[in-house]
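For reference, the chains in residue letters:
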Amino acid sequence: MSSVLPTPDPAQPARVRRVLILCTHNSARSQMAEAWTRHLAQQAGVALEVHSAGSEATLVKPGALTVMAEVGLSLEAHRSKTLEDLPDPWNFDHVITVCDSADARCPVYPARTVRRHYPFRDPSGGPLEDWRAVRDAMQPQFAAFVQAVAGGQEAPPSFTESRPAPAATPA
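Small disclaimer: the values here were computed from a predicted structure and weren't measured.

Rules behind the numbers
Residues numbered from 1 in each chain as written. Predicted model: local features only at pLDDT ≥ 70, side-chain atom pairs only at ≥ 80, totals over all residues. Heavy atoms only, no water. Helix = DSSP H or I, 4+ residues; strand = E, 2+ residues; numbered from the N terminus. Buried < 20%, exposed > 50% of the residue type's maximum accessible area, 1.4 Å probe, protein only. Contact = heavy atoms within 4.5 Å. Areas by Shrake-Rupley, 256 points an atom, 1.4 Å probe, with all protein chains shown as cover. Pairing = 2+ DSSP bridges. Polar contact = N/O pair within 3.5 Å; in protein donor to acceptor, adjacent residues only side chain to side chain. Right-handed = clockwise from strand over helix to strand, strands pointing away.

Engineer: Please explain the overall build of the protein chain as it appears in this structure.
Structural biologist: Scanning the protein chain from N- to C-terminus turns up 5 helices and 4 strands. If you list the helices and strands of the protein chain from N to C, you get β-α-β-α-β-α-β-α-α. The 171 residues of the protein chain split such that 44% are buried. Across the protein chain, contacts joining residues at least 24 apart in sequence account for 68% of those joining residues at least 6 apart. Accessible surface computed for the protein chain: about 9000 Å², of which carbon and sulfur atoms make up 55%.

Engineer: How should I be thinking about the pairing of strand β3 (residues 94-97) in this particular structure?
Structural biologist: Every other side chain in a regular strand lies on the same face of the sheet, so the side chains alternate between the two faces. Alternating residues of β3 divide into H94 and I96 and V95 and T97, and every residue in both groups is buried. The pairing of strand β1 (residues 17-23) with β3 spans 4 bridges and is parallel. Considered in β3, the bridge of L20 is made with V95.

Engineer: Any chance you could explain the environment of P119 here in plain terms?
Structural biologist: Position of P119 relative to the elements: it lies in the loop between β4 (114-117) and α4 (128-150). Overall, P119 belongs to the partly exposed group, its relative accessible area being 49%. Sequence separation of P119 and T97 is 22 residues, and the distance between their C-alpha atoms is 7.1 Å. Once you skip the residues sitting within four places of it in the chain, P119 turns out to touch T97, V98 and D100.

Engineer: Hey, could you run me through the side chain of K81 in this one?
Structural biologist: For K81, the location among the structural elements is in the loop between α2 (62-70) and β3. In this structure the side chain of K81 is engaged in a polar contact, spanning 3.4 Å, whose partner is the backbone oxygen of S52. Setting aside anything within four residues of it in sequence, one finds K81 in contact with N26, Q31, E34, S52, A53, G54, A57 and L86.

Engineer: Looking at this model, I keep getting lost on the pairing of β4. Mind explaining?
Structural biologist: Burial along β4 is one-sided: the face carrying V114 and R116 is buried and the face carrying R115 and H117 is not. Bridging between β3 and β4 involves 4 bridges; their strand directions are parallel. Paired with T97 across the two strands is H117, which belongs to β4. Considered for its hand, the β-α-β crossover made up of β3, helix α3 (residues 100-105) and β4 is right-handed.

Here you go:
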């Protein structure tokens, strides 16, 4: 089955695409990815409704709050959620898992849902440098995702496949 989105009809209003980002506790990586995706979509003028959730609700971690604020993205209004806390939790165009545990336990979605796994290491318990590294790795991955959705392209399977290959150097 192809996950290429249909080309939008300019005579019709754009349909808002729904995106769900899953992690185990919805406390760090999924919160950061939600903020990046929402911000990048807004910058690109792409109509996305972005949510994040976890298999358990806890608290948004201070490290996530700090490093996202450093790039001008506030998580202050965010809260940790489970699928049951979301509006229409079984109706998403894209479901993205950002940790291996969430990928392994991700529920089955309808066939029309495009599912991707973009794993990022857990910065919890580490210094702010670890949080910044994860934040900075997420930005190009979710920029590539938003760019693909904006262009009606297939969502990139992984970051390595969403960036151009390095140019060959002459011998």
